[in-house]
Amino acid sequence: MSDTRILAHANLAVNLSTLATPALEHDTLTAAQFIDLYAYICDAGTFAGFSAVPWEELGMCDAIHEPTDEPEGLRIYLRESWPVAVLEFDVGYRVIPGLIANRWVRS
């Protein structure tokens, strides 16, 4: 049986390579890890489009860019090292309800 729990990362910056600083081996995500995290957000989240996620919310998040050479790859947003949303280029955001504001969802 595999362990599929998502655990908080010990460091605030999960992917230091996106911050243009030297990254240690344990501080980056492999392509497989990135896709696993993306799949988790898609399964647990809801589609919100582009206009439903306030920019103020995204400003409080750290971003992890897809570890490929794709110029407009996927972008995962983290708040306090927990995944809260993913941006799919030309598609929109998928957000985990309750973790990031979504203008279309009322409390």
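Residue numbers here run from 1 along each chain, matching the order of that chain's written sequence. The predicted origin of the model limits local features to residues at a pLDDT of at least 70 and limits the giving and counting of side-chain atom pairs to 80 or more, whereas totals for whole chains, interfaces and linings rest on all residues. As a rule here, side-chain values come from all non-hydrogen atoms in the structure, and water together with hydrogens is ignored.

(A) Representation of the overall build of the protein within the structure. Each helix is a run of DSSP H or I of at least 4 residues and each strand a run of E of at least 2, with the numbering of both proceeding from the N terminus. Secondary structure assignment for the protein yields two helices and five strands. From first element to last, N terminus to C terminus, the protein shows the α and β order α-β-α-β-β-β-β. Going through the 107 residues of the protein one by one, you find that 35% of them count as buried. A sequence separation of at least 24 residues applies to 56% of the contacts in the protein between residues at least 6 apart. Method for areas: the Shrake-Rupley scheme with a 1.4 Å probe, in which residue coverage is limited to the protein chains shown. Accessible area for the protein stands at about 7,100 Å²; split by element, carbon and sulfur atoms hold 57% of it. Whether a residue is buried, partly exposed or exposed follows from its accessible area with a 1.4 Å probe, protein chains only, as a fraction of its type maximum: under 20%, in between, or over 50%, in that order. We call two residues contacting when some pair of their heavy atoms lies within 4.5 Å.

(B) How the structure looks around the nonpolar core. A48, A52, V53, L58, C61, Y77, V84, A85, L87, Y93, V95 and I100 together form the largest nonpolar core, which totals twelve residues. Mapped by element, the contributors of at least two residues to this core are β4 (82-88) and β5 (92-95). Sorting elements by how many residues they give to this core places β4 first, with three residues. Put simply, buried Ala, Val, Leu, Ile, Met, Phe, Trp, Tyr and Cys residues joined by side-chain atoms within 4.5 Å make one nonpolar core. Counting residues in hydrophobic clusters, the runner-up holds eleven residues, among them L29, L37, L74 and V86.

(C) Representation of unusual backbone geometry. Phi at E80 takes a positive value of approximately 50°, unusual for a residue other than glycine. Among the structural elements, E80 can be located in the loop between β3 (75-79) and β4. The backbone phi angle of S81 is positive, close to 70°, even though this residue is not glycine. By secondary structure assignment, the location of S81 is in the loop between β3 and β4. In this structure S81 comes out as buried when scored by relative accessible area, which is 8%.

(D) Quick look at the side chain of E88. Mapped onto the secondary structure, E88 falls in strand β4. Setting aside anything within four residues of it in sequence, one finds E88 in contact with Y38, C42, F50, L74 and R94.

(E) Up close: the environment of I76. Along the chain, I76 falls in strand β3. We classify I76 as buried; its relative accessible area is 0%. Not counting the four nearest positions on each side in its chain, I76 is found in contact with F34, L37, Y38, I41, D62, A63, I64, A85 and V86.

(F) Looking closely at the confidence of the model for the protein. The predictor rates its confidence in each residue with pLDDT, a number between 0 and 100. Considering every residue of the protein, the mean pLDDT works out to 75; 68% of them sit at 70 or more. Here helix α2 (residues 55-59) is the element of the protein with the lowest mean pLDDT, 84, and helix α1 (residues 31-44) is the one with the highest, 93. Confidence over residues 1-13 falls short of pLDDT 50; this stretch has 17 contacts with residues more than four positions distant or in other chains. The model gives residues 15-26 a pLDDT under 50, and that stretch makes 16 contacts with residues more than four places away or in other chains.

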